[in-house]
Amino acid sequence: FGCFVFIVLSYVQILRAVLRIPSEQGRHKAFSMCLPHRAVVSLFASTAMVAYLNPPSISSPSLDLVVTVLYSV
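Here's what I pulled together on the structure shown here. This one's a predicted model, so the numbers in the text were calculated from it and none came from an experiment.

Rules used throughout
- Residues numbered from 1 in each chain as written.
- Predicted model: local features only at pLDDT ≥ 70, side-chain atom pairs only at ≥ 80, totals over all residues.
- Heavy atoms only, no water.
- Patch = residues over 30% accessible without salt bridge, like charges linked within 9 Å, V, L, I, M, F, W, Y side chains within 5 Å.
- Areas by Shrake-Rupley, 256 points an atom, 1.4 Å probe, with all protein chains shown as cover.
- Salt bridge = Lys/Arg side-chain N within 4 Å of Asp/Glu carboxyl O.
- Helix = DSSP H or I, 4+ residues; strand = E, 2+ residues; numbered from the N terminus.
- Buried < 20%, exposed > 50% of the residue type's maximum accessible area, 1.4 Å probe, protein only.
- Polar contact = N/O pair within 3.5 Å; in protein donor to acceptor, adjacent residues only side chain to side chain.
- Expected span 1.5 Å × (residues − 1).
- Bend = angle between axes of the 7 residues up to and from the residue.

## Considerations on a nonpolar patch on the surface
Next, step 1: Taken together, Phe1, Phe4, Val5, Val8, Leu9 and Val12 make up a surface patch of nonpolar side chains, about 610 Å² in accessible area.
Next, step 2: Here Phe4 shows up in helix H1 (residues 2–19).

As structure tokens, this is what we get:
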């Protein structure tokens, strides 16, 4: 949980720094560079939550396989 809080606080700091960029083009470039990283972090966090918070009673082998592959990638 501590790592998650650290990541969120880091993104808040990055967002504040990007919003201080005076030019619209500069802000757009900064946001577009951050987009792939945000996608990877979101994919990692969502698959980690499914992998670790999924109750064993409703778990299916095919879902476990998909989650494992996504989490590993």
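## A word on the environment of Thr47
Next, step 1: Inspection of the secondary structure puts Thr47 in helix H2 (residues 24–53).
Next, step 2: Judged by relative accessible area, Thr47 falls into the buried class, the value being 6%.
Next, step 3: Taking C-alpha positions, Thr47 is 6.6 Å from Leu70, a pair spaced 23 residues apart along the chain.

## A closer look at the side chain of Arg27
Next, step 1: Topologically, Arg27 is positioned in helix H2.
Next, step 2: Within the structure, the side chain of Arg27 is placed 2.8 Å from the side chain of Glu24, a separation counted as a polar contact.

## Observations regarding H2
Next, step 1: Here H2 spans 41 Å end to end across 30 residues, near enough to the 44 Å set by a 1.5 Å rise per residue.
Next, step 2: Its axis deflected by about 30° at Leu35, H2 carries its strongest bend there, up to four residues before the proline Pro36.
Next, step 3: For H2, the complete set of buried residues consists of Arg27, Ala30, Thr47 and Ala48.

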